[in-house]
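For reference, the chains in residue letters:
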Amino acid sequence: MAIPTKVTLEIVTPDRALVNEEVDEVELPGSEGYFGVLPGHTELLASLQVGELWYRVGQEKHYLAVAFGFVEVLPDRVTVLARIAEKAQDIDVARAEAAKKRAEERMSRSQVDMDFERARIALMKSLIRLQVASRARTRA
Ligand code: ATP
């Protein structure tokens, strides 16, 4: 079979479909670390962490913040079922700043491990949202 030249990227959350596009490259935050996908990638299933996802169409890169869920990779298709995902331009920076502040306060006060862990995840989500929001469309 011929090696595909593009990947169809689909990103959905329980609420909405965010992306359905033919792309050249994708990078995702897997639970074992960030990994890249080019057309013709080996099939795999991975779980997603809190992190930045980008995809490239030609010279243009597009960024999303994602948190948890799964990704299925096929040679010509990447399907992301994310628990939470936002495009860079849809991120409310003031809300993420407020979430960051709240999480930092909770981490400094929490005496129970579970509270600390929840605050740590909230902090990670807020930091990733701020990082992704700060990405203007860049040239690869
Ligand atoms: P907050 O404490 O501000 O509510 P959170 O981390 O608890 O943030 P989540 O549970 O991760 O929020 O997400 C709930 C919903 O709100 C999701 O649909 C998510 O996409 C959206 N969301 C959360 N924070 C932002 C943000 N800063 N900008 C845009 N959408 C956001």
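Since this is a predicted model, take the numbers as computed values, not measurements.

### Points about the overall build of the protein
Consideration 1: If you tally the helices and strands in the protein, you get 2 helices and 8 strands.
Consideration 2: Traced from its N-terminal end to its C-terminal end, the protein shows the element sequence β-β-β-β-β-β-β-β-α-α.
Consideration 3: Considering the protein as a whole, with its 140 residues, one finds that 38% of them fall into the buried category.
Consideration 4: Sequence-distant contacts, at least 24 apart, represent 56% of the contacts inside the protein between residues at least 6 apart.
Consideration 5: About 8,300 Å² of surface is accessible on the protein, with carbon and sulfur atoms providing 50% of the total.
Consideration 6: Counting 20 positive and 22 negative side-chain charges, the protein places the centres of these two groups 6 Å from one another.

### Looking at unusual backbone geometry
Consideration 1: Its identity is not glycine, yet phenylalanine 68 carries a phi of approximately 65°, on the positive side.
Consideration 2: Phenylalanine 68 gets classed as buried once you look at its relative accessible area, which sits at 17%.

### Quick notes on the site of the ligand
Consideration 1: Neighbouring residues of the ligand: Ile84, Glu86, Asp90, Ile91, Asp92, Arg95, Ala96, Arg102, Lys125 and Arg129.
Consideration 2: With respect to the ligand, the side chain of arginine 95 contributes an N or O atom lying 2.9 Å from an oxygen atom.
Consideration 3: In this structure, lysine 125 approaches the ligand through a side-chain N or O atom, which is 2.9 Å from an oxygen atom.
Consideration 4: The fraction of the free accessible surface of the ligand (600 Å²) that becomes covered by protein chains is 68%.
Consideration 5: Examining the composition of the shell around the ligand, we find that 3 residues originate from one element, helix H1 (residues 93-109), more than from any other.
Consideration 6: Grouping the constituent residues of the shell around the ligand by class yields 3 nonpolar, no polar and 7 charged.

### A few points about the packing of aromatic side chains
The description of two aromatic rings rests on the distance between their centres and on the angle between their planes.
Consideration 1: All told, the structure shown has 0 aromatic pairs when counted by the stated rule.
Consideration 2: In this arrangement the basic side chain of lysine 61 is found over the ring face of tryptophan 54, its NZ or CZ atom lying 4.0 Å from the centre.

### What about the environment of glutamine 49?
Consideration 1: Among the structural elements, glutamine 49 can be located in the loop between strand S5 (44-47) and strand S6 (51-57).
Consideration 2: Distance from glutamine 49 to proline 29, taken between C-alpha atoms, is 5.6 Å for residues 20 residues apart in sequence.
Consideration 3: Leave out the neighbours within four places in its chain, and glutamine 49 touches Pro29, Gly30, Ser31, Val66, Ala67, Phe68 and Met124.

### Observations regarding the side chain of glutamate 52
Consideration 1: By the element assignment, glutamate 52 lies in strand S6.
Consideration 2: Polar contacts involving the side chain of glutamate 52 include one to the side chain of glutamine 131, which spans 3.0 Å.
Consideration 3: Of note is the side chain of glutamate 52, whose polar atom sits 2.9 Å from the side chain of arginine 135.
Consideration 4: Not counting residues up to four positions away in its chain, the partners in contact with glutamate 52 are Glu27, Pro29, Tyr34, Tyr63, Leu64, Ile128, Gln131, Val132 and Arg135.

Calculation criteria
Residues numbered from 1 in each chain as written. Predicted model: local features only at pLDDT ≥ 70, side-chain atom pairs only at ≥ 80, totals over all residues. Heavy atoms only, no water. Helix = DSSP H or I, 4+ residues; strand = E, 2+ residues; numbered from the N terminus. Buried < 20%, exposed > 50% of the residue type's maximum accessible area, 1.4 Å probe, protein only. Contact = heavy atoms within 4.5 Å. Areas by Shrake-Rupley, 256 points an atom, 1.4 Å probe, with all protein chains shown as cover. Lys, Arg positive; Asp, Glu negative; His and termini not counted. Charge placed at Lys NZ, Arg CZ, Asp CG, Glu CD. Near = heavy atom within 4 Å. Polar contact = N/O pair within 3.5 Å; in protein donor to acceptor, adjacent residues only side chain to side chain. Nonpolar A, V, L, I, M, F, W, Y, C, P; charged D, E, K, R; others polar. Phe/Tyr/Trp six-rings, centres within 6.5 Å; stacked < 30°, edge-to-face > 60°. Lys NZ or Arg CZ within 6 Å of the ring centre and 35° of its normal.

Coordinates in, geometry out; function isn't part of it.
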